[in-house]
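Next come the chains, spelled out residue by residue.
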Amino acid sequence: MSKIRTRFAPSPTGRMHVGNLRSALYEYLIAKHDGGEFMLRIEDTDQERFVEGAVDIIYRTMEKTGLIHDEGPDKDGGFGPYVQSERMKTGIYMEYAKQLVEKGEAYYCFCDKERLSSLKSEVVEGKEITVYDKHCLGLSKEEIEANLAAGKPFVIRQNIPNEGTTTFHDELYGDITVDNAELDDMILIKSDGYPTYNFANVVDDHTMNITHVVRGNEYLSSSPKYQRLYDAFGWESPVYIHLPLITDENHKKLSKRSGHSSFEDLIEQGFITEAIVNYIALLGWSPEDNREIFTLDELVKDFDYHRISKSPAVFDYTKLKWMNGEYIKAMDFDAFYEMAEPVLKEVLKKDFDLKKIAEMVKTRIEVFPDIKDHVDFFEELPEYDVAMYTHKKMKTDAVTSLEVLEELYPIFEALDDYSNDSLYKTLLEYVEKKGCKNGYAMWPVRTAVSGKQMTPAGATEIMEILGKEESLKRIKVGINKLKNA
Ligand code: GLU
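It should be emphasised that the depicted structure is a prediction, and the values quoted were computed from it without experimental measurement.

Novice: Give a description of the pattern of salt bridges that names residues and reports values.
Specialist: Under the definition given, this model contains 30 salt bridges. Between Lys-356 and Glu-464 there is a salt bridge, with the nearest N and O atoms lying 3.6 Å from each other. Here Lys-356, found in helix α14 (residues 354-361), pairs with Glu-464, found in helix α19 (residues 459-466); they are 108 residues apart in sequence, far enough to count as distant. For Glu-464, a relative accessible area of 22% gives the class partly exposed. The network of salt bridges with shared partners includes Arg-7, Glu-27, Arg-41, Glu-43, Arg-87, Asp-204 and Asp-205.

Novice: Requested: an account of the environment of Ile-246, with residues and values cited.
Specialist: Mapped onto the elements, Ile-246 comes out in strand β12 (residues 246-247). A relative accessible area of 5% places Ile-246 in the buried class. Separated by 241 residues in sequence, Ile-246 and Arg-5 have C-alpha atoms that sit 25 Å apart. Setting aside residues up to four positions removed in sequence, Ile-246 forms contacts with Val-18, Gly-19, Arg-22, Lys-252, Lys-253, Leu-254, Leu-283, Ala-313 and Phe-315.

Novice: An account of the nonpolar core is requested, with residue identities and associated values reported.
Specialist: Side chains that are nonpolar tend, in soluble globular proteins, to be buried together. With 101 residues, the main nonpolar core has Phe-336, Leu-344, Phe-368, Ile-371, Phe-378 and Phe-412 as its most contacted residues. The biggest single contributor to this core is helix α1 (residues 18-33), with nine residues. Residues within four places of Phe-368 in sequence aside, it is in contact with Gly-270, Ile-272, Ile-328, Met-331, Phe-336, Met-339, Ala-340 and Val-343. Within the second largest apolar cluster, 40 residues are counted, among which are Tyr-93, Leu-100, Leu-229 and Tyr-230.

Novice: Can you break down the packing of helix α4 (residues 92-103) against helix α8 (residues 223-233) residue by residue, with the values?
Specialist: In a packed pair of helices, the relevant descriptors are the angle between the two axes and the axis-to-axis distance. Relative to each other, α4 and α8 sit at 75°, their axes nearing to 11 Å. Classified by the interaxial angle, the pair formed by α4 and α8 is roughly perpendicular. Along its contact with α4, which presents Tyr-96, Gln-99, Leu-100 and Lys-103, the element α8 presents Leu-229, Ala-232 and Phe-233. Broken down by class, the residue content of the contact of α4 with α8 amounts to five nonpolar, one polar and one charged.

Novice: Outline the packing of aromatic side chains, listing residues and values.
Specialist: Taken as a whole, this structure holds 23 aromatic pairs when the rule is applied. Aromatic pair Phe-333 and Tyr-337: ring centres 6.0 Å apart, planes at 25°, arrangement stacked. Remark: Tyr-337 and Phe-333 occur in helix α13 (residues 333-347); sequence separation between them is four residues, near one turn of the helix. Residue Phe-333 is classed as partly exposed on the basis of its relative accessible area, which comes to 21%. Relative accessible area serves as the criterion here: at 11%, Tyr-337 is assigned to the buried category. Seen from their ring centres, Tyr-384 and Tyr-389 are 5.9 Å apart, and the 55° between their planes marks the pair as tilted. Given the relative accessible area of 0%, Tyr-389 is considered buried. Within the aromatic cluster, the residues linked to one another by ring pairs are Tyr-26, Trp-285, Phe-294 and Phe-303.

Rules and cut-offs
- Residues numbered from 1 in each chain as written.
- Predicted model: local features only at pLDDT ≥ 70, side-chain atom pairs only at ≥ 80, totals over all residues.
- Heavy atoms only, no water.
- Salt bridge = Lys/Arg side-chain N within 4 Å of Asp/Glu carboxyl O.
- Helix = DSSP H or I, 4+ residues; strand = E, 2+ residues; numbered from the N terminus.
- Buried < 20%, exposed > 50% of the residue type's maximum accessible area, 1.4 Å probe, protein only.
- Contact = heavy atoms within 4.5 Å.
- Core = buried A, V, L, I, M, F, W, Y, C linked by side-chain atoms within 4.5 Å.
- Axes fitted to C-alpha atoms, helices over the stretch in contact; angles between N-to-C directions.
- Parallel < 35°, antiparallel > 145°, perpendicular 65-115°, else oblique.
- Nonpolar A, V, L, I, M, F, W, Y, C, P; charged D, E, K, R; others polar.
- Phe/Tyr/Trp six-rings, centres within 6.5 Å; stacked < 30°, edge-to-face > 60°.

Right under this line is the structure:
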């Protein structure tokens, strides 16, 4: 068998949709699993949908996710150009379209807008499309020549017979056979000279020696037409893998409205790249065992495209968050701190030991913005209710807490070493003398210095961060609260 060659063929129309990233990832994995080649091709023939800067987004995303292409606009592998608008200038699409015209598989069409809009339209999959009536198929050679010589605008259409059927094969969906009468004579070359996606994808995948095509199943219904083009040229079609739709939790197509439909959205929401890639790999593919955490290299090793499922893949945001949390736990501290620091600095303006605080939260968050809720009390003591001093298991209430805080205040006031060790030792000495359980004293102290039910660290660790003056101030606030209760 020849070497596997796959391609990612994005259109530069904006952010990198999760569905596109999944196609890219699967293409990459299929190639790399077999020691094959992975190529990047920019599909920019639809000038109306072109978005400035979108090509940069593509490059940045590929690099960040580690989906490194072997060939592409920036890495010539002998199959270039790799940008369709540049390929067009070589005349390749027109040349192949003319071959089809000669074979009777395509024809020139000079119909103007008015005539086209007078044609019957049909609703196909919710979209209104005009079914072309093959009017220009009846033009004589002389009429065509005369029109071309007169510079009349034209398109080139695929000629699909009204009778018979066309069959094509997809790895997931099997053999699909459609009546030719259902297939419209789609445009191959537009009036601006650009090829349509429908034509360019066939010419390019063949001339670039692509062996496996992975794309969203929105292309499934057009694939019989592509198959007819392959057959007309006498080319072997690549292995097709049309991926199931990605839906949100409500089983609606994952769209911009969901707020997390693109790679950039997820990065902005505090997800880390490796977790996103890992999660996206599982949107339609699963390994033989129930394993869920994979590095990209591990995916390369284990990925088997025969295990891709055709049932819709639900984008489960909660699950992605869980997975991200697992990645954060496993991150080395320096890398973690690099990402945590800006978030910490958003809420903590005073002079704190941010590294120590970062250590406290590393195992407690799922996404980076979660950090804020865990640490904001350091900056300012929140308003809190005295009921928080009551803890059944610790056997504390407002009365016991007031007693403990009033006894501890002078002890902490006399202490100069506010390191966690020294504070902890001091607290234990107090507990021992009093003959109570640790929690009996720790609970009220932690409540007083944090004003929170849940904190990322214990009482004395918090006091170490706050320092002597602020700790004492907060304990005093607690004493006053309890007195007034
Ligand atoms: N340019 C197409 C898109 O972005 C690519 C589809 C394909 O992979 O063939 O949807």
